[in-house]
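An overview of the molecular structure
Here is what each chain is made of, one letter per residue.
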Amino acid sequence: MKVIYKKTDTGRDVGYEAWYLVVLSDGSHVDINTREGAHAFLNDDSSRDHFSQTIKKCQKIRSRKVRIRDREESFEFLAVNTKKSIFRERIPESEIQCWLDYVIDSIRMMATKQRWIKTADLADLDSAILHHCLPMSAHVVPVALAFQSDFFQVLAIFLKARKEQGLPSPVVCDCVIKIVLNAYIAATEEFDNLWSAEQTLKKLEASGVLEEFLRCLTVPQPPHFQLQGMEEMMKGLESSSAFLKKKFRKGAPCGDLVLKILEYGSAGMQPGVFERLKNISSLVMAMDKSLLVYVEDIKKTGTCNHCGKSKEAGALMQCGRCKQAHYCAKDCQKADWKLHKQQCQPCTKNQEQTGEPVSKAAKSLSRKTESADTSIDNFLQMNYVYSMVKM
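Residues numbered from 1 in each chain as written. Predicted model: local features only at pLDDT ≥ 70, side-chain atom pairs only at ≥ 80, totals over all residues. Heavy atoms only, no water.

A few words on the overall build of the chain. The helix and strand inventory of the chain stands at 22 helices and 7 strands. Split into buried and exposed, the 391 residues of the chain put 44% on the buried side. Within the chain, contacts between residues separated by at least 24 positions form 62% of all contacts whose residues are at least 6 apart in sequence. Just so you have it, the chain exposes about 21500 Å², and 50% of that area is on carbon and sulfur atoms. (Helix = DSSP H or I, 4+ residues; strand = E, 2+ residues; numbered from the N terminus. Buried < 20%, exposed > 50% of the residue type's maximum accessible area, 1.4 Å probe, protein only. Contact = heavy atoms within 4.5 Å. Areas by Shrake-Rupley, 256 points an atom, 1.4 Å probe, with all protein chains shown as cover.)

Attention now moves to the side chain of Glu95. Assignment of secondary structure puts Glu95 in helix α5 (residues 93-110). Look at Glu95 and you get buried, because its relative accessible area is 7%. Excluding anything up to four places from it in sequence, Glu95 contacts Arg48, Asp49, His50, Phe51 and Ser52.

The element helix α10 (residues 151-160) is extensively covered by neighbouring structure, given that 7 of its 10 residues are classed as buried. Listed as buried for α10 are Phe151, Phe152, Val154, Leu155, Ala156, Phe158 and Leu159.

Moving on to empty space enclosed by the protein. By the definition in use, this model includes 4 cavities of 30 Å³ or more. If you add up the space inside the largest cavity, you get close to 90 Å³. Lining the largest cavity, in full, are Trp99, Leu100, Cys133, Met136, Ser137, Pro142, Val143, Ala146, Phe151, Phe152, Ile179 and Ala183. Here the lining of the largest cavity gets 3 residues from one element, more than from any other, and that element is helix α9 (residues 140-148). (1 Å grid on protein atoms, 1.4 Å probe; cavity = no way out; pocket = protein on both sides within 12 Å on 5 of 7 lines; lining within 4 Å. Points joined across faces, edges and corners; volume = space filled by probe spheres on them.)

Helix packing geometry: the angle between the two helix axes and the distance between the axes. The geometry of α10 relative to helix α11 (residues 170-189) is characterised by a closest axis approach of 13 Å and an angle of 155° between their N-to-C directions. Classified by the interaxial angle, the pair formed by α10 and α11 is roughly antiparallel. Where α10 crosses over α11, the handedness of that crossing is left-handed. Residues Phe151, Phe152, Phe158 and Leu159 of α10 form the contact with α11, whose own contacting residues are Val172, Val176, Ile179 and Ala183. In terms of residue class, the contact of α10 with α11 is made up of 8 nonpolar, no polar and no charged. (Axes fitted to C-alpha atoms, helices over the stretch in contact; angles between N-to-C directions. Parallel < 35°, antiparallel > 145°, perpendicular 65-115°, else oblique. Left-handed = near helix turned anticlockwise from the far one by under 90°. Nonpolar A, V, L, I, M, F, W, Y, C, P; charged D, E, K, R; others polar.)

It is worth spelling out the packing of aromatic side chains at this point. Summed over all chains, the structure comprises 6 aromatic pairs. One aromatic cluster in this structure is built from Phe147, Phe151, Phe152, Phe191 and Trp195. (Phe/Tyr/Trp six-rings, centres within 6.5 Å; stacked < 30°, edge-to-face > 60°.)

With respect to the element layout, Ala79 can be found in helix α3 (residues 69-81). Distance in space between the C-alpha atoms of Ala79 and Leu134 is 9.1 Å, their sequence separation being 55 residues. In this structure, Ala79 is in contact with Phe87, Pro135, Met136 and His139, ignoring residues within four places of it in sequence.

A few words on the packing of α11 against helix α12 (residues 197-207). Two numbers describe how α11 lies on α12: the axes approach to 9 Å, and their chain directions differ by 140°. Overall, the two elements α11 and α12 adopt an arrangement that is oblique. Here α11 and α12 pass one another in a crossing that is right-handed. Seen from α11, the contacting residues are Val180, Tyr184, Ala187 and Thr188; seen from α12, they are Ala197, Thr200, Leu201 and Leu204. For the contact of α11 with α12, the class distribution of residues is 6 nonpolar, 2 polar and no charged.

Another point: the environment of Leu210. The topology assignment puts Leu210 in helix α13 (residues 209-216). What Leu210 contacts, discounting residues up to four positions off in sequence, is Leu201, Leu204, Glu205, Met233, Phe243, Phe248 and Cys254.

Below, the discussion takes up the environment of Lys341. With respect to the helices and strands, the residue Lys341 is situated in the loop between α19 (330-340) and α20 (349-354). Expressed as a C-alpha distance, the spacing of Lys341 and Cys322, which sit 19 residues apart in the sequence, is 9.9 Å.

Let us now look at the nonpolar core. Grouped together as the largest cluster of nonpolar side chains are 91 residues, with contacts concentrated most on Phe151, Phe158, Phe213, Leu217 and Phe248. Among the elements that take part in this core, α11 stands out by supplying 13 residues, more than any other. Residues within four places of Phe248 in sequence aside, it is in contact with Leu210, Leu214, Leu237, Phe243, Cys254, Gly255, Val258, Ile280 and Val284. The next biggest cluster of nonpolar side chains, apart from the first, holds 9 residues, and it includes Cys304, Leu316, Ala325 and Tyr327. (Core = buried A, V, L, I, M, F, W, Y, C linked by side-chain atoms within 4.5 Å.)

A complete count under the given rule lists 13 salt bridges for this structure. We note a salt bridge from Asp150 to Arg108, for which the minimum N-O separation is 2.6 Å. One end of the pair, Asp150, is in the loop between α9 and α10; the other, Arg108, is in helix α5, with 42 residues separating them in the sequence. The exposure class of Arg108 is partly exposed, given its relative accessible area of 40%. The partner of Glu238 in a salt bridge is Arg276, and the shortest N-O contact between them spans 2.8 Å. (Salt bridge = Lys/Arg side-chain N within 4 Å of Asp/Glu carboxyl O.)

See the structure below:
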């Protein structure tokens, strides 16, 4: 590929326009940074081995540590400017696999560089690798091959290679987030044999990249930063109950990370993402059997009508007249009598046996008892996240 910079003069500003020219088999040139040029190139026989031939040149140039972004951008231009159907039809799978192997080897090498390990930032030469992964991850074949290979495992190893106290730079996080979202959308909506949301999430979690994806979400991004596919992925998480219960519980890597995110707050995160994580945490806690047992234990307890102390329902004494008020001791019953006698009305045996309506006082107390149970449920539902963070 040959890059030509053409001078442009609008009358006010003078600039340069880049033309990314490739030679067709008939000797003519087309600019692959345009849709017409990209389609014309892919329909030409000279494009059949473009990826492999370009990668060979890139490997030679990289060994001399020379800037090669212009050559690598040809992958990006073809992925961006070509319709998905034409991209899939005209580029052989072997060419995509060649590109993917090149990317995996490059990311492995990047993970060992001291600049990345110490500062969590990349040189321009290395960040170019992640940048041209973005448009490629929007196509079905590259994503399918990435799941079949160890691309996501290597990406996770690369992200974990930095120091623990340092988060990746916003540029790196931008690339990682969008690559994962693109892969999720391709797998759940565009594969020939569509994967379920839970199946896709299991693949991402097993590779370790899902945890790093969540961590990247905490890095502040510019105001114009957009997350296409985030809504779909969060809905997929919320609907995958078995996956959440196993992988987002306390003690699991993703579960512990979400706890930390909720503890530190939503500063820098995209609107809506933090709330989604809170909802996911609530769902996980709702599925926790130990918590459900705890809820049932609460419902089995009662409170003293006078002092408010909680005890097991069987340990409380009830008023012998209305059978509705409960007390923890005789002293409390005596102290409460001045107020209680205004509402206390006898409950006949016939009312107890036949289930006939009881007195107004009994109805009032019954409603209070039901509202107490409801308030317990409401309290637990509203405070799952808070309880989870404190546990």
